[in-house]
Structure formats: structure tokens, C-alpha cells
Amino acid sequence: SSKTKIITAYKENVIQIAIYLNKLGPTTPKILREFQAGKKTHSILYSNFYAWFERVDHGIYDITAKGKNALNQFPGLVKKYEKKLKQNKTKKQD
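Reference entry: report on the structure contained in this document. (Residues numbered from 1 in each chain as written. Predicted model: local features only at pLDDT ≥ 70, side-chain atom pairs only at ≥ 80, totals over all residues. Heavy atoms only, no water.)

### Examining the overall build of the chain
- On a plain count of helices and strands, the chain comes out with 5 helices and 2 strands.
- Listing each helix as α and each strand as β along the chain from the N terminus yields α-α-α-β-β-α-α.
- For a compact globule of 94 residues, the expected C-alpha radius of gyration is about 12 Å, and the chain comes in at 13 Å, within 12% of that figure.
- Here the C-alpha coordinates of the chain stretch approximately 45 × 30 × 20 Å along the principal axes.
- Put simply, 61% of the contacts in the chain that link residues at least 6 apart link residues at least 24 apart.
- Surface accessibility of the chain: about 6,400 Å² in total, with carbon and sulfur atoms responsible for 52%. (Helix = DSSP H or I, 4+ residues; strand = E, 2+ residues; numbered from the N terminus. Rg over C-alpha atoms; globule rule 2.2 N^0.38 Å. Contact = heavy atoms within 4.5 Å. Areas by Shrake-Rupley, 256 points an atom, 1.4 Å probe, with all protein chains shown as cover.)

### With respect to helix α1 (residues 9-24)
- Taking 1.5 Å per residue as the helical rise, α1 with its 16 residues ought to reach 22 Å, and the 22 Å between its terminal C-alpha atoms agrees with that figure.
- Taken as a whole, α1 has its buried residues at Asn13, Val14, Ile15, Gln16, Ile17, Ala18, Ile19, Tyr20 and Leu21.
- On its buried face, α1 is in contact with α2 (29-34), α3 (41-47), β1 (53-57), β2 (60-63), α4 (65-71) and α5 (75-93).
- Of the residues trailing α1, glycine 25 is marked for its positive phi of about 85 degrees. (Expected span 1.5 Å × (residues − 1). Buried < 20%, exposed > 50% of the residue type's maximum accessible area, 1.4 Å probe, protein only.)

### What to know about the pairing of β2
- One ladder, built from 4 bridges, connects β1 with β2; its direction is antiparallel. Residue pairing for β2: phenylalanine 53 is matched across the bridge by isoleucine 63.
- Connecting the antiparallel pair β1 and β2 is a turn made up of 2 residues, with glycine 59 showing a positive phi of about 75 degrees. (Pairing = 2+ DSSP bridges.)

### Topic: the nonpolar core
- Counting residues in each nonpolar core, the largest one holds 23 residues, and the members touching the most others are Ile17, Tyr20, Trp52 and Phe53.
- Of all the secondary-structure elements, those providing two or more residues to this core are α1, α3, β2, α4 and α5.
- The element that contributes the greatest number of residues to this core is α1, accounting for 7 residues. (Core = buried A, V, L, I, M, F, W, Y, C linked by side-chain atoms within 4.5 Å.)

### Observations regarding unusual backbone geometry
- Here asparagine 48, not a glycine, exhibits a phi torsion of approximately 50 degrees, which is positive.
- Inspection of the secondary structure assignment puts asparagine 48 in the loop between α3 and β1.
- Relative accessible area serves as the criterion here: at 22%, asparagine 48 is assigned to the partly exposed category.
- A positive phi angle is found at alanine 51, which is not glycine, with a value near 60 degrees.
- One can find alanine 51 in the loop between α3 and β1.
- On the basis of relative accessible area, alanine 51 is assigned to the partly exposed category, the value being 34%.

### Notes on the environment of leucine 21
- Among the secondary structure elements, leucine 21 is positioned in helix α1.
- According to the relative accessible area criterion, leucine 21 is buried, its value standing at 1%.
- When the C-alpha positions of leucine 21 and phenylalanine 74 are compared, they lie 15 Å apart, and in sequence the two are 53 residues distant.
- With sequence-adjacent residues up to four places away left out, leucine 21 is seen in contact with Thr27, Leu32, Leu45, Phe53, Tyr61, Asp62 and Ile63.

As far as function goes, none of this settles anything; it's purely spatial.
Structure representation (C-alpha cells):
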């Protein structure tokens, strides 16, 4: 068996949102969805199962220190979603 961690689709989506918040700063679920963060973005932020997010104002969320530290465990996904975010930003500017 391999020592690679198996990540559920839910957790990968949580990681993606955390990466986006880490790069974009505090923002709304709507803006995160515009950057292709997925349909469940609001639900993930609201339920905050891993305690990686915090609501900083009405409808505005940010990543917590715990979330930032957790991203260190997933360097491959960080690279993947930072690239995807950059591509989406470029598309939005066109």
C-alpha cells in the first residue's frame, strides 16, 4: 500500500477554499464561487468543520492560522489551486 493520504472530494474543496482565501484575503462566498471554488462554498465556510475559517464580517470569511498551518500538509494541492486561481484571475481580467 502507498503512504499517500486519501483526500475526500469534500476535504479537497475545503483545501481549495482555504488556498483561495489565503491568496485573496477576506472575501465572500460569491466571489470565491466566481473563481470556481464550487457550489458548496457557502456551506463549507458556514459549517467550518475543520475550524480553518472565520467570519470576519457579515458574509465575509477569512482563513484562520490553523487553516494556514494545515495547508503545509498539502503542497501539491496548494500548487494546483494557486495555479487555477491565477488562471481564473487572468480570465476575469480579459
